[in-house]
Amino acid sequence: MSSSSFGSYGSFGLDPARPPGEAPAERRRSLPVVGGGVGGRRAAALIPYRGGALDAPAAHAGPAPRSVRISVTDRCDFACTYCRPSRHDGYADGRLMTAAWRTMFEALRDAGIRRVRLTGGEPLLHPEIVSIVACLASLGFEDLALTTNASQLARLAAPLRDAGLHRLNVSIDTLDPQRFREVTRGGELARVLDGISAAIAAGFTSIKLNTVVLRGVNDDEIERIALWAWERRMVPRFLEVMPIAEGARLVGEHLVTAAEMRARLAAHLVEEEAVADPGLGPARYVRARRDPSLRVGFITGTSDTFCESCDRLRVSSTGVLRPCLATEDGVDASREARDGDRAAIGRRLDEAWRLKPDGKVWKGCTEETASSVSIRAIGG
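An account of the accompanying structure is given in this report.

What counts and what doesn't
- Per chain, residues are indexed from 1 in the order of the written sequence.
- The predicted origin of the model limits local features to residues at a pLDDT of at least 70 and limits the giving and counting of side-chain atom pairs to 80 or more, whereas totals for whole chains, interfaces and linings rest on all residues.
- To obtain the side-chain values, all non-hydrogen atoms of the structure were included, while hydrogens and water were left out.
- Numbering goes from the N terminus for both helices and strands, where a helix is a DSSP run of H or I of at least four residues and a strand is a run of E of at least two.
- Each residue gets one of three labels from its accessible area relative to the maximum for its type: buried under 20%, exposed over 50%, partly exposed in between, using a 1.4 Å probe on protein chains only.
- Note that accessible areas follow from Shrake-Rupley with a 1.4 Å probe, and for residues the cover is restricted to the protein chains shown.
- Any carboxyl oxygen of Asp or Glu within 4 Å of a side-chain nitrogen of Lys or Arg constitutes a salt bridge here.
- Every axis corresponds to a line fitted to the C-alpha atoms, with the helix fit spanning only the stretch in contact, and the corresponding angles, defined between N-to-C directions, vary from 0 to 180 degrees.
- By the definition adopted for this analysis, an angle is roughly parallel if under 35 degrees, roughly antiparallel if over 145, roughly perpendicular if from 65 to 115, and oblique otherwise.
- Rotating anticlockwise by less than a right angle from the far helix to the near helix defines a left-handed crossing, while the corresponding clockwise rotation defines a right-handed one.
- Here, two residues are considered to be in contact whenever any of their heavy atoms come within 4.5 Å of each other.
- In short, DSSP must find at least two bridges between two strands for them to pair.
- The span expected for a helix works out to 1.5 Å for each residue beyond the first.
- In this tally Asp and Glu are treated as negative and Lys and Arg as positive; neither His nor the chain ends contributes.
- Counted as a polar contact is a pair of N or O atoms within 3.5 Å, where, for protein atoms, one must be capable of donating a hydrogen and the other of accepting one, and residues adjacent in sequence contribute only when both atoms are in side chains.
- Handedness rule for crossovers: strands pointing away from the viewer, path from the first strand over the helix to the second running clockwise, crossover right-handed.

## What about the overall build of the protein chain?
Regarding its fold elements, the protein chain presents 11 helices and 12 strands. Burial analysis of the protein chain (380 residues in total) assigns 56% to the buried set. Surface accessibility of the protein chain: about 15,300 Å² in total, with carbon and sulfur atoms responsible for 51%.

## Here we look at the pattern of salt bridges
According to the stated counting rule, one finds 20 salt bridges in the structure shown. One salt bridge connects Asp219 with Arg264, and the closest N-O pair in it is separated by 3.1 Å. You can see Asp219 sitting in the loop between strand 5 (207-213) and helix 6 (222-231) and its partner Arg264 sitting in helix 8 (residues 258-264), a full 45 residues away along the chain. Note on Arg264: relative accessible area 35%, which makes it partly exposed. The salt bridge partner of Arg295 is Asp277, with a shortest N-O separation of 3.0 Å. With Arg295 in strand 9 (residues 295-299) and Asp277 in the loop between strand 7 (275-276) and strand 8 (284-287), the pair connects residues that are 18 residues apart, well separated along the chain. Residue classification places Arg295 among the partly exposed positions, given a relative accessible area of 24%. Here Asp277 falls in the buried class, since its relative accessible area comes to 19%.

## Here we look at the packing of helix 1 (residues 98-110) against helix 10 (residues 342-354)
The axes of two packed helices give the description: the angle between them and the distance between them. Contact pair helix 1 / helix 10: the axes reach a minimum separation of 9 Å and the direction vectors enclose 60°. As far as their axial angle goes, helix 10 and helix 1 are oblique. Remark: the crossing between helix 1 and helix 10 carries right-handed chirality. Facing helix 1, whose interface residues are Thr103, Met104, Glu106, Ala107, Leu108, Arg109 and Asp110, helix 10 presents Arg342, Ile345 and Leu349.

## Section: the sheet that holds strand 2 (residues 115-119)
Taking strand neighbours across the sheet as the criterion, the 12 strands line up as 7-8-9-6-5-4-3-2-1-10-11-12 in an open arrangement whose pairing is mixed. Because the sheet does not close on itself, it has two edges, and the strands there are strand 7 and strand 12 (331-332). Pairing geometry for strand 3 (residues 143-148) and strand 4 (residues 167-171), over four bridges, is parallel. Paired with Thr148 across the strands is Val170, a residue of strand 4. Across the sheet, helix 2 (residues 129-138) lies against strand 2 and strand 3, angled at about 175° from strand 2, the strand it touches most.

## Section: helix 1
In an α-helix, one turn spans 3.6 residues; hence positions three or four apart end up facing the same way. A rise of 1.5 Å per residue sets the reference length of helix 1, with its 13 residues, at 18 Å; its end C-alpha atoms lie 18 Å apart and thus fit the reference within 8%. Along helix 1, the positions that sit buried rather than exposed are Ala100, Trp101, Thr103, Met104, Phe105, Glu106, Ala107 and Leu108. At its buried positions, helix 1 is contacted by strand 1 (67-71), helix 2, strand 10 (312-315), strand 11 (320-322), helix 9 (334-339) and helix 10. One or two positions beyond helix 1, positive phi appears at Gly112, with a value near 105°.

## Observations regarding the side chain of Arg117
Residue position: Arg117 is located in strand 2. No salt bridge forms around the buried Arg117; measuring N to O, its nearest opposite-charge neighbour Asp143 is 5.5 Å away. Within the structure, the side chain of Arg117 is placed 3.0 Å from the side chain of Thr147, a separation counted as a polar contact. Excluding residues that lie within four positions of it along the chain, Arg117 makes contacts with Val68, Arg69, Ile70, Ala145, Leu146, Thr147, Arg167 and Asn169.

## A short note on the pairing of strand 4
Remember that side chains alternate between the two faces of the sheet whenever the strand is regular. Most of strand 4 is tucked away: four of the five residues are buried. With helix 3 (residues 153-163) bridging strand 3 and the parallel strand 4, this β-α-β connection has right-handed handedness. Pairing of strand 4 with strand 5, which is carried by four bridges, proceeds in the parallel orientation. Bridge assignment links Asn169 to a residue of strand 5, and that residue is Lys208.

This is the structure we're talking about:
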């Protein structure tokens with residue numbers, strides 16, 4: 001496949017004089033932050049709901065939040081075509097420092113959160129990521145996971161394991177080096193593969209690979225990626241591109257449904273219903289015919305939304321509590337975190353959870369609001 005195949009995504013390129021992911025100074029800008037300006041208290045902590053299907057917040061009848069995705073940084077050294085419009089799309093101001101994060105983590109634990117996933121941007125770009133993992137591990141969360149593009153994993157896999165990280169998800173959309181550079185706009189596949197090898201050597205026994213499948217781009221690699229992952233006792237997971245952020249431009253032409261993905265792997269799979277791991281996200285898994293201890297996962301979000309069962313809260317790198325990926329709605333708890341006020345963060349969390357859409361009528365990332373969300377800034 002030639003680079004011209006990516007014409008509809010925009011060109012890619014790196015400035016060798018500038019660190020990866022950094023925009024020129026004159027082009028840097030702040031991403032929109034929910035509820036008001038940067039550097040101070042927003043005018044209102046409880047933000048009115050602006051969803052496409054609803055005009056006002058509906059009482060969320062689902063469970064209280066038990067899972068949280070924490071975007072420790074919005075920086076990323078890749079610019080994947082379904083995530084970012086370019087390498088120069090700006091970064092948020094007012095990111096939380098480590099002391100504020102500890103207060104946030106303690107407040108989340110106090111509120112009943114039991115499962116934590118660290119995301120970004122790219123979380124391994126955070127200079128204190130190992131200390132952050134160690135802090136979370138010391139607080140007794142029952143599950144502590146991290147999603148990464150693995151570009152920095154070769155040097156960090158062992159320290160992260162030693163710090164108490166339980167599980168890893170690695171985003172990898174192709175095993176072809178040139179295609180990888182095109183999809184990521186400059187990423188090096190060899191560094192990612194070295195990172196995966198380091199994670200296996202460090203003793204991580206739960207490594208999942210996340211592949212966003214795009215028709216005409218990488219859908220011819222579904223079988224290859226699955227077999228490659230199984231050979232290394234990893235779990236491949238194939239994701240539908242969702243109409244969120246840049247993905248909204250790609251769905252029409254490039255969507256491959258989970259049903260089609262499974263059909264392409266049918267010769268390798270047990271004929272059974274795909275089932276989710278309780279409490280561990282929306283992926284549904286099917287066992288491999290060659291070895292039923294191996295599995296493959298499928299994540300919908302376009303052909304079949306999974307909002308009704310969602311118990312997930314999100315925290316942005318600036319301390320905004322967001323109850324749904326598909327809107328910008330949220331409650332700012334940054335001042336409370338900086339002030340060390342765990343009880344006040346708990347009250348903000350309750351306010352944020354009341355903003356969570358009713359999953360029976362809300363259609364998640366297929367809603368109109370999703371196309372304007374920065375998936376890099378909130379961790380997908």
